[in-house]
Amino acid sequence: MLQPQSKRPGERARAFLTRADVRDALRCLLLALILSFVTEAICRLNPIAAAGYVFTRPLAFLYNTLLIACTLSLVLLVKRRRFAYTLISAIWVVLSIVDCCIRLVRITPLNFYDFVIFVSNFSITQSYVTWWQIALIVLAVAALITGMVILFRRTPRVQLARRPALLLLAALCGLTAVITPIYALNNRDYTDPVAGYNRSGFAYSFCRSVVDRGIRRPETYDENVINGILADVGGDAQPAAATEKLPNFVFLQLESFLDPANITSVTCSENPVPVFTRLKEECSTGLLHVPMIGGGTANVEFEVITGMNLGDFGTGEYPYSTILKSETCETIAYDLRNMGYTAHAIHNHIATFYERNQVYAMLGFDTFTSLEYMTNYTTNSLGWCRDKVLTGCILDALRSGEERDLVFAVSVQGHGKYSSNPPQTPYPITSTGLEDNPSLKNEFEYYINQLHETDEFLGELLDALREYPEPVVLVIYGDHLPALAFDANDLRAGTMLATEYVIWTNDDSLPKVDQDLHSYQLTACTLERYGISGGVLSSYHQRCRSEADYLSGLSVLEYDMLYGDKLLYEGQAPYPRVNMRMGVKDITVERANFDGKRLVVKGENFTRYSVIYADGHALSTTYVDSETLVATPTLLTSIHLGDQIEVSQLSVDATVLSTSNAVICEEEQ
């Protein structure tokens, strides 16, 4: 009887590699390699740069490939494999394309929180993308969905080999679980988000932004450490001077503000910011290191208001959209409210953007004046409100009561996306040095002329504050650099994560002291000039910022305040949510008269966002002036004598921000 002849090693290898499950596994790994390279090439706008990444950081590239392979391995668990491969591959490619587009318009990469705040971001989205581009995007998405549906129906089913598929999935997930903590430990620096994404890879960085939220519990966090920090800061020392002798504080955050003199590769035909230049020569000034580039205004104001370091939070996190929805924390507003100050927030954009109409109440502000409560403003060619309207708003806040005031104002005029088209009429201020890049030249010249208008607003504000009868401290700073195609080599500071600040007073009471600061140190250092220690965080910045363990101690304080046991306050945070008022002027209704054809409402402080309500139903409202609104009946809404008439302020997303007193609809006399 003949014995079966054993297979040679080459034949055994060939037989193994021709098995269906093995072919699927190899196909999965090969596709992961291709997708990993493609996503990096798209995100970097350059396949050569992606190739350089592969060769200079091969371990990072392979780890990102492993993450993508984990997602692709799910394909082996379904019968319509061709469809599943296409779907997962399309998701990765679409994410990288979105990242590429976002980098082009705001510099900072895509993260999970961009999807979280998409609804509130829509007003900004319309400024970056035209309606026809939105239409093309909608058509592309519709075409992609249609194609996926057709592919799903036409993809043949295959016989599942569940055991090999599960073994591969378990192997990839197990390997990922082992490597990820080590990789994360060596790739946790996202203080510069662009550098972080380029160094660690898109797949890992985006996945990190999905799961990385809040502040991790510090290893040193316990009651003894908290007590030691409290002993170092010495408690909440009160200022030596009486409150009535202290100044009003005005913090003015300027959108995308950059002195063009700091750009080495460009020369302007005249100085676009002469007022700011003079302030730097006369007042305390320095670099302000900020956590964002090209966007993320809310995160810079978070650092300034709270004194917390955004670098301790999750990758790409916006605390306004996460923890501050449910938790209050120590802020300059709460600190000064405890000393008798009234805290006002002002922003010449819609109230619901970044949910400021809710978040500012969690930060301790007594009032919030948004665009919906402003009159006599104009907009620029991109539709942004011009900053000069803020002068009157700041003065209204300062005059709103007898107490000293904290005013935190955020401007918007310098917001992108900057126009790359040649102007219909020449700009007053032009530039040289960008002739080889006409698109960037047009964007830059649009920007510096908007900057010039903002600088003129600064001059008007300074003139008004000089005449104000009480002492005022005005802190001016840029929130981040503009989204223009310059890099660190073009800037005198040598970094994209630094703006400038100045501290001015209307009584020349502060000597000039220049120093560079981080944005989370700005308020504490300003209060320190007046002997105000404020709360624990402010005192910590003032007394411990030169210590070797300064940042680790700061992280402990932040964790305890927001996520820990609140040991600082014996378990109970002393910061209740403020019953914040929208606007500093009451919107009141005096009378409502109806003649059968139109309803005329008379009152005070109406704006373009005022809407008449009759018995709880919104009416089509015409704004006449700050004292008059008119509404007419429609097929959907009727008006009757005796109806209860109110006026509400509506944001663009139909959110009711506030409602006036009510009057009864009467017959026109």
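Residues numbered from 1 in each chain as written. Predicted model: local features only at pLDDT ≥ 70, side-chain atom pairs only at ≥ 80, totals over all residues. Heavy atoms only, no water.

Trainee: Tell me about helix α14 (residues 297-306), and please be specific about residues and values.
Mentor: Turn by turn, an α-helix covers 3.6 residues, leaving residues three or four places apart pointing in a common direction. Taking burial as the measure, the 10 residues of α14 include 10 buried ones, the bulk of the element. The positive-phi residue at the C-terminal boundary of α14 is Gly307, with phi of around 80 degrees. (Buried < 20%, exposed > 50% of the residue type's maximum accessible area, 1.4 Å probe, protein only. Helix = DSSP H or I, 4+ residues; strand = E, 2+ residues; numbered from the N terminus.)

Trainee: Go over the layout of surface pockets with me, naming the residues and quoting the values.
Mentor: Estimates place the volume of the second largest pocket at around 1,300 Å³. Forming the walls of the second largest pocket are 46 residues, and the residues nearest its centre are Arg188, Thr191, Gly311, Asp312 and Phe313. Broken down by secondary-structure element, the contributors of at least two residues to the lining of the second largest pocket are α9 (162-186), α10 (193-200), α14 and α21 (550-562). Tallying contributions element by element places α21 first for the lining of the second largest pocket, with four residues. Broken down by class, the residue content of the lining of the second largest pocket amounts to 19 nonpolar, 16 polar and 11 charged. (1 Å grid on protein atoms, 1.4 Å probe; cavity = no way out; pocket = protein on both sides within 12 Å on 5 of 7 lines; lining within 4 Å. Points joined across faces, edges and corners; volume = space filled by probe spheres on them. Nonpolar A, V, L, I, M, F, W, Y, C, P; charged D, E, K, R; others polar.)

Trainee: How would you summarise the sheet that holds strand β1 (residues 248-254) if you had to cite specific residues and measurements?
Mentor: Strand order in this open sheet of nine strands is β10-β3-β9-β8-β1-β6-β4-β5-β11, and the pairing throughout is mixed. The sheet is open, and its two edges are formed by β10 (517-518) and β11 (581-582), each paired on a single side. Looking at chain direction, strand β4 (residues 342-347) and strand β6 (residues 405-410) are connected through six bridges and run parallel. Bridge pairing links His344 to Val407 in β6. Against the sheet, helix α17 (residues 389-398) makes contact with β1, β4, β5 (367-369) and β6, and its axis sits at roughly 160 degrees relative to β6, the strand it touches most. Lying over the sheet, helix α18 (residues 438-466) contacts β1, β8 (472-478) and β9 (498-505), oriented at roughly 175 degrees with respect to β1. (Pairing = 2+ DSSP bridges. Contact = heavy atoms within 4.5 Å. Axes fitted to C-alpha atoms, helices over the stretch in contact; angles between N-to-C directions.)

Trainee: Before we move on, can you summarise the environment of Val663 with the specific residues and values?
Mentor: Tracing the backbone shows Val663 in strand β20 (residues 663-667). Distance in space between the C-alpha atoms of Val663 and Thr588 is 9.8 Å, their sequence separation being 75 residues. Setting aside anything within four residues of it in sequence, one finds Val663 in contact with Val589, Glu590, Arg591, Ala592, Asp643, Gln644 and Ile645.

Trainee: Tell me about the packing of aromatic side chains, and please be specific about residues and values.
Mentor: Within the structure shown, the criterion is met by 24 aromatic pairs. Ring centres of Phe249 and Tyr530 lie 5.8 Å apart, and the angle between their planes is 85 degrees; on these two criteria the pair is classed as edge-to-face. Pair noted here: Phe249 is in strand β1 and Tyr530 is in the loop between α19 (522-528) and α20 (536-544), with a separation of 281 residues, a long-range link. When the ring of Tyr540 is compared with that of Tyr550, the centres are 5.6 Å apart and the planes differ by 20 degrees; the resulting orientation is stacked. Highlighted residues: Tyr540 in helix α20 and Tyr550 in helix α21, separated in sequence by 10 residues. A single burial state applies to Tyr540 and to Tyr550, both of which are buried. Members of the aromatic cluster, connected to one another through ring pairs, are Tyr190, Tyr197, Phe202 and Phe206. The ring centre of Tyr53 lies 4.2 Å from the NZ or CZ of Arg44, which sits over that ring. The lysine or arginine in question, Arg608, covers the ring of Tyr377, its NZ or CZ lying 4.2 Å from the ring centre. (Phe/Tyr/Trp six-rings, centres within 6.5 Å; stacked < 30°, edge-to-face > 60°. Lys NZ or Arg CZ within 6 Å of the ring centre and 35° of its normal.)

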